[in-house]
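Tertiary structure, described
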Amino acid sequence: MQETMTHSDVVVTPTPITAGEKVTVEYNGLLNQSGANKVYLHAGVGFKDNWRDITDIEMQPKNDGNWTAQLRVNTTDRFNFCFKDCADNWDNNHGDNWSFEVHNGQLYK
């Protein structure tokens, strides 16, 4: 069963995240509410401030005014992300970013 995690103005689907799975991130946060005409998902994997495989993905506007992006998370390392606009303004969840554990899909009995 696919579940969705909603955290304030961010929606991540599916959760929990399994390595190798495509993840959708939807955003309606501070940058969108401030009138940004482009929003980028700034994402990487790793622990705390040691991100690697960092990428910026231009998010696509949706009809409801939110922004959306998809990416594949190919590791069991922690998935981290925040957002920026084309004027280099950031929404990093008050310095905490958004962070999700990624599991390998193994079920334990």
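Everything discussed here concerns the structure shown above.
Here the structure is a predicted model, which means the values were calculated and not measured.

We now examine unusual backbone geometry. With an omega of -5°, the peptide bond between T13 and P14 qualifies as cis. Tracing the chain through its elements places P14 in strand β2 (residues 10-15). Cis geometry marks the peptide bond from T15 to P16; its omega dihedral reads 0°. If you trace the backbone, P16 turns up in the loop between β2 and β3 (17-18). For D88, which is not a glycine, the phi torsion comes out positive at approximately 65°. Within the fold, D88 resides in the loop between β9 (79-85) and β10 (90-91).

Below, the discussion takes up the pattern of salt bridges. Considering all chains together, one arrives at 5 salt bridges under this definition. Between K62 and E26 there is a salt bridge; the shortest N-O distance is 3.0 Å. Taken together, the residues span a long stretch of sequence, with K62 in the loop between β7 (60-61) and β8 (67-73) and E26 in strand β4 (residues 21-27) at a distance of 36 residues. For R52, the salt bridge goes to D77, with nearest N and O atoms at 2.0 Å.

Calculation criteria
Residues numbered from 1 in each chain as written. Predicted model: local features only at pLDDT ≥ 70, side-chain atom pairs only at ≥ 80, totals over all residues. Heavy atoms only, no water. Helix = DSSP H or I, 4+ residues; strand = E, 2+ residues; numbered from the N terminus. Salt bridge = Lys/Arg side-chain N within 4 Å of Asp/Glu carboxyl O.

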